[in-house]
Amino acid sequence: MKKILFLLLAAVFSSFLFAQETEPQKDDSWKKIYRETATRINDLVHTKLEVKPDFGKSYLYGKAWITLRPHFYATDSLTLDAKGMDIHKVALVKGTKQLPLQYEYNDWQLRIKLDKSYSAKDSYTIYIDYTAKPDEFQEKYAGPDALLGIKGMYFINPKGEEKDKPTQIWTQGETESNSAWFPTIDKTNQKTTEELTVTVDNKYVTLSNGKLVSQKKNADGTRTDYWKMDLPHAPYLFFLGVGDYAVIKDTYKGKEVNYYVEPAYASVAKRIFGNTPEMMGYFSKITGVEYPWIKYSQITGRDYVAGAMENTTATIHQDAAQQDARELVDGNNWESTIAHELFHQWFGDYVTTESWSNITVNESFADYSQTLWEEYKYGKDAGAAENYSGMLGYLSGSSANIARQGGDPENGSDTKDLVRFYYNDREDVFDLVSYQKGGRILNMLRNYVGDSAFFKSLNNYLTTNKFKSAEAHQLRLAFEEVTGRDLNWFFNQWYFGSGHPNVTIDYIYDDAAGKVSVVLKQIQKTGKIFKLPIAIDIYNSADKKRYNVWVQNETDTFTFHYDKHPDLVNVDADKVMLWEKKDNKTLDNFIHQYKYAGNYVDRREAIMFAAKQKNDPKALNLLTTALHDPFAGLRNLSISQLDLKNDKVKASVEPILLDLAKNDQKSTVRANAINALGTYEKKEYEPLFTKAVNDSSYSVSGNALQALSKIDEPAALQLAKKIYPQPVKGALKESAQDILINSGDEGVGEKLLDEFEGLPLGNNKFALLQSIATYLQATDNEKNIKRGVDQIAGLRDAIPEAFKAQTDPYLNGILKQVLASKVKALKDKAGDPTLQGIVDYIKTKLPEEEKKGF
C-alpha cells in the first residue's frame with residue numbers, strides 16, 4: 001500500500017492514512033503483547049465467490065465455496081473471519097449435495113463444527129450463503145464519523161445522489177478487512193486460488209484478480225462477469241471494482257495491461273500509466289523473476305482511503321492519480337506510486353509478509369522501488385533525490401522533532417524497530433519506519449554488498465519463497481547464501497533494532513606531518529553505538545583516493561597521510577548513510593565538493609551550506625553556479641535558497657532568473673524563476689508574465705498570474721475572472737482564487753468553503769487549507785469566517801489522539817494566521833463589535849497556550 005503525504009505535513013501524516021480499527025489505547029499494556037504470526041490450523045486452498053451488489057442498500061449478496069486442508073494436525077472445526085454479515089446457510093459440500101453444519105457467529109468470526117475430524121491429507125469444501133453489510137458493520141464498530149474505514153467494501157455514491165461524483169464500488173483488504181465482504185481466513189500467511197463471479201448493471205465494467213474469462217448478458221439488463229485467478233495469493237489482496245470506467249488497453253510481452261480511468265481522463269490515461277510496461281520489464285530484469293501474473297490492471301477509485309493498494313493483478317489508485325494534460329506538463333506526480341504498487345506484485349503478492357510485524361518485506365521494498373525506477377528512468381540524480389527525500393521523511397518523524405511539536409517523543413520514528421513484534425494496532429506498522437527508513441536500509445545494504453550481489457539476493461529470496469509467506473530472517477538468509485557473509489550484525493542493527501546514528505565529523509589537518517585525522521563521534525542519546533562501513537574520499541583537485549573504514553565506537557579517529565593539503569575530505573563518499581550529521585567542513589570544502597564529488601547529495605549539501613553564508617561572495621558564486629545545475633531539482637532548490645531581500649544577491653542573479661524563466665526546459669524551473677522575478681515588481685516584466693499566464697503548465701501559468709498581480713493588479717484580476725470558472729487545477733486555480741478573494745469576491749470564498757466541506761479526508765482537502773486561510777483573512781463576512789474557522793477546528797478535533805502532536809501545530813497555526821489578521825484589523829477599527837466578536841470566537845477554538853500573544 002502506498003501512503004499519500006499531505007503537502008507540508010508530509011512526514012506527520014505518513015501513517016495517518018491507514019484505517020484505524022480501534023482508537024489508540026490510553027495505556028501501554030500493548031507493549032507486553034508479543035504479536036506472533038497467526039497459527040495455521042486450516043490452510044486455504046481455493047475460494048470461489050458468486051456475488052451481487054445491491055446499490056440501494058449498500059449490501060453484497062454472496063455465496064462462497066471455500067476449499068481447505070488442515071495444515072498439519074487433524075481438526076474437526078474451522079474458524080473463518082466474516083465481519084458484519086447475515087449468515088443464511090453453512091454446509092459441507094459432498095459431491096452434488098450440501099450437508100448442513102452447526103456453527104456459531106458473533107459478527108466477527110464464524111466458528112464451524114465439521115462433520116468429522118480431517119487430517120492434513122484431506123481437503124474439504126465449505127459452502128456459505130451470506131449477505132455482507134459493510135456500511136452497517138462500519139457504523140456499528142467504528143462509528144459513523146470514523147475517518148478511515150474497516151468495512152472492506154466501499155459503495156461510492158451508490159444511489160447517484162451526489163452531483164459530479166460517479167457511482168462505484170471498490171474494495172480495500174489490507175490489513176484484514178476483506179473478510180467484511182467474503183468469509184475467509186484473513187491472515188497474511190494464507191494463500192488461495194480464486195474464482196469470482198459478479199453480477200452488475202450492464203452499464204458498468206468490473207475488475208478483479210486474474211483473468212476475465214467470460215461475460216454473460218442477462219435478460220434483466222445485468223451482466224455476469226467471471227474472473228479466475230489460477231495462482232495462489234493472500235486473502236487481503238482480493239479485489240473487486242465496479243463502475244463507469246474507460247478501459248485503456250496496453251500490453252507487456254503478450255499479457256494484458258489495462259488502465260481503468262473515469263471517462264474524462266481516457267485521453268491522458270497512457271500519459272499517466274503508460275510507463276507501466278517498461279516498469280514491468282525493468283523490475284523483471286533486476287529481480288530475475290519475470291512478471292509472474294496473468295495480467296496487470298490499474299484502476300482509480302473515488303474517495304479511496306489510502307494512496308494506492310497492490311491487489312494482485314488489480315491495483316487501485318486514489319483518484320488523485322487522474323491528472324489532466326496540463327498537470328502532466330510538470331511531470332507525472334503519481335509515477336512513483338505506480339512503480340511502488342507494481343513492485344509489490346513481487347514483494348507482497350508473489351512473496352507475502354507472514355505477519356504484520358514483518359511488513360518491511362513488503363513495504364520497504366516497494367518504497368525502495370521508487371528510487372530504483374527513478375535512477376533507471378531519469379538518471380542517478382533523480383534516484384538519489386528520491387532516496388534522500390525518503391531519508392528526510394523518516395528523520396522528520398524523529399523523537400526530537402515530535403518533542404519540538406509538543407508531542408510525546410516515545411512516539412518518534414527512531415524509537416521503533418523495523419521488524420516490530422510489539423504494537424498497539426496492526427495498522428500502526430504502516431509508518432515512516434516500515435516505508436522510508438526501510439527503503440533507506442535497503443539502499444545501504446545494496447551499497448555494502450554491491451549491485452550484482454544485491455539483485456541476485458533478491459532473486460534468491462523471491463524464488464525460494466514464491467507463492468509463500470516470508471519474514472525478515474528469510475531475507476537475511478537469502479543475502480547470506482549469495483554473498484557468503486554473515487549479515488546478522490546488519491539485520492540485528494537495522495531490522496531488529498531502532499534508531500539511527502547522529503554524528504559529528506571533524507577534520508584535523510597537520511601539514512607539517514602531512515596527515516589529516518577525521519574524527520567521527522556518535523552522539524545519539526540512546527547510548528546505542530552503530531557499526532557502519534563507510535567510504536572516505538580524499539581530493540586534490542579532481543583526483544581522489546578512496547579509503548574504506550568501519551565506524552564502530554562512540555568516537556572513531558581515522559588518519560590519512562598526504563603529500564599535498566587536501567582540497568576535500570568527503571566522509572560517506574557515496575552518501576548512503578541513514579544518519580543525522582554535523583559535518584564541520586569549510587565553505588571552500590563545500591565548493592570543491594559541489595564541483596568534484598558531484599553526486600546529488602554532495603551538490604545539495606553544498607548548496608544548503610552556501611545559502612547560510614549570506615555575506616560571502618564565494619557562497620553567492622556557488623549558488624549562482626547551481627542555478628545552472630544539470631539536475632532540475634537542484635536548480636529549483638537553488639532558486640528557493642536565494643536571499644532576494646539582499647540587494648547584492650538580487651542584482652547578481654536577476655539576469656540568470658530571467659533566462660531561466662524564459663528558456664529552461666523544465667516547466668517547474670521556469671515557474672519558480674517567474675515566482676522569484678515577481679518579487680522584483682518591475683513593470684518591464686509585464687509582457688513576460690502576461691505571456692506565461694497562457695503557458696500549458698499550471699505551475700508556470702499560476703506563478704505568472706501571481707507575479708502579474710504585483711505589478712498590474714487590475715489586469716491580473718481580469719484574467720483571474722476569466723480563468724477561475726474554467727476547470728483548471730493546481731497553482732493556476734490557487735492563484736486565480738487568491739486574487740479574486742483578495743478583491744473581495746465573496747462568491748469564490750463561499751464556493752471554497754462548500755468545496756472543503758464536501759471533500760473526504762485526503763490530499764485535496766488539505767490542499768485547500770491555505771486558500772481557506774487566505775479567504776478568511778481577506779473577508780469581513782462574519783458568518784463565513786465562523787464557518788471556515790469551524791471547519792478547520794473540526795478537522796483538527798476529528799484527528800485521532802495518537803496523531804494530534806503532529807497535526808495540531810499545523811492546524812492551530814492556520815487558525816492563528818486568521819486570528820492575527822483579525823486582531824490587526826481590530827486595531828484599525830478599535831471597538832468594532834463585529835470584529836471583536838470574531839476575534840473572541842476564533843480564540844474559543846484555540847487551546848489556551850496557543851492564545852498567548854493575542
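One can find the structure itself at the top, above this paragraph.
Rules and cut-offs
- Residues numbered from 1 in each chain as written.
- Predicted model: local features only at pLDDT ≥ 70, side-chain atom pairs only at ≥ 80, totals over all residues.
- Heavy atoms only, no water.
- Helix = DSSP H or I, 4+ residues; strand = E, 2+ residues; numbered from the N terminus.
- Expected span 1.5 Å × (residues − 1).
- Buried < 20%, exposed > 50% of the residue type's maximum accessible area, 1.4 Å probe, protein only.
- Pairing = 2+ DSSP bridges.
- Axes fitted to C-alpha atoms, helices over the stretch in contact; angles between N-to-C directions.
- Polar contact = N/O pair within 3.5 Å; in protein donor to acceptor, adjacent residues only side chain to side chain.
- Salt bridge = Lys/Arg side-chain N within 4 Å of Asp/Glu carboxyl O.

A. Summary view of helix α26 (residues 782–798). Between the first and last C-alpha of α26 there are 24 Å, a value that for 17 residues agrees with the 24 Å anticipated at 1.5 Å per step. Every buried residue belonging to α26 is among N784, I785, G788, V789, Q791, I792, A793, L795 and R796, and all of these are buried.

B. Examining the sheet that holds strand β15 (residues 240–243) more closely. An order of β9-β10-β15-β12 is seen for the four strands of this open sheet, with the pairing classed as antiparallel. Of all the strands in the sheet, the pair left with one neighbour each is β9 (153–156) and β12 (205–208). In this sheet, adjacent strand axes meet at a mean angle of 15° when their direction is disregarded.

C. Broad picture of the pairing of strand β18 (residues 295–301). By the criterion of burial, β18 is predominantly enclosed, with seven of the seven residues buried. Burial of β18 is two-sided: the residues K295, S297, I299 and G301 facing one way and the residues Y296, Q298 and T300 facing the other way are all buried. Where strand β17 (residues 255–261) lies against β18, five bridges are found, and the strand directions are parallel. Looking across to β18, one finds that E256 is bridged to K295.

D. Region of the structure containing the side chain of Q524. Within the secondary structure, Q524 is located in the loop between β24 (515–522) and β25 (532–540). Polar side-chain contacts of Q524 include one of 2.9 Å to the backbone nitrogen of N502. A polar contact is formed between the side chain of Q524 and the side chain of Q522, at a distance of 2.6 Å.

E. Spatial organisation of the side chain of E176. Looking at the secondary structure, you find E176 in the loop between β10 (168–171) and β11 (192–201). Within the structure, E176 has its side chain in polar contact with the side chain of W356 (distance 2.9 Å).

F. Spatial organisation of the sheet that holds strand β4 (residues 85–94). On the basis of which strands lie adjacent, the open sheet formed by eight strands has the order β5-β4-β8-β2-β1-β11-β14-β13 and mixed pairing. The sheet is open, and its two edges are formed by β5 (97–100) and β13 (211–217), each paired on a single side. Taking the axes of each pair of neighbouring strands and ignoring which way they run, one obtains an average angle of 20° across the sheet. Across seven bridges, the pairing between β4 and strand β8 (residues 124–132) is antiparallel. Opposite A91, over in β8, you have Y127 as the bridge partner.

G. Layout of the pattern of salt bridges. Evaluated as defined, the whole model comprises 48 salt bridges. Here D588 ties to K618 by a salt bridge, and the two come within 2.8 Å at their closest N and O atoms. Residue D588 is found in helix α13 (residues 587–597), and its partner K618 is found in helix α15 (residues 617–626); the two are separated by 30 residues along the sequence. Accessibility expressed as a relative area gives 43% for D588, which makes it partly exposed. Accessibility expressed as a relative area gives 38% for K618, which makes it partly exposed. Where salt bridges share partners, they join D537, K544, R546 and D574 into one cluster.

H. Expanded view of unusual backbone geometry. Cis geometry is adopted by the peptide bond preceding T175, which originates at E174 and carries an omega value of 10°. Mapping T175 onto the fold places it in the loop between β10 and β11. With a phi close to 65°, D164 is a non-glycine residue in the positive phi region. Its relative accessible area of 66% is what places D164 among the exposed residues. Here the phi dihedral of S541 falls at roughly 55°; this positive angle occurs in a residue that is not glycine. Residue position: S541 is located in the loop between β25 and β26 (543–551).

Don't take any of this as a statement about function, it's just geometry.
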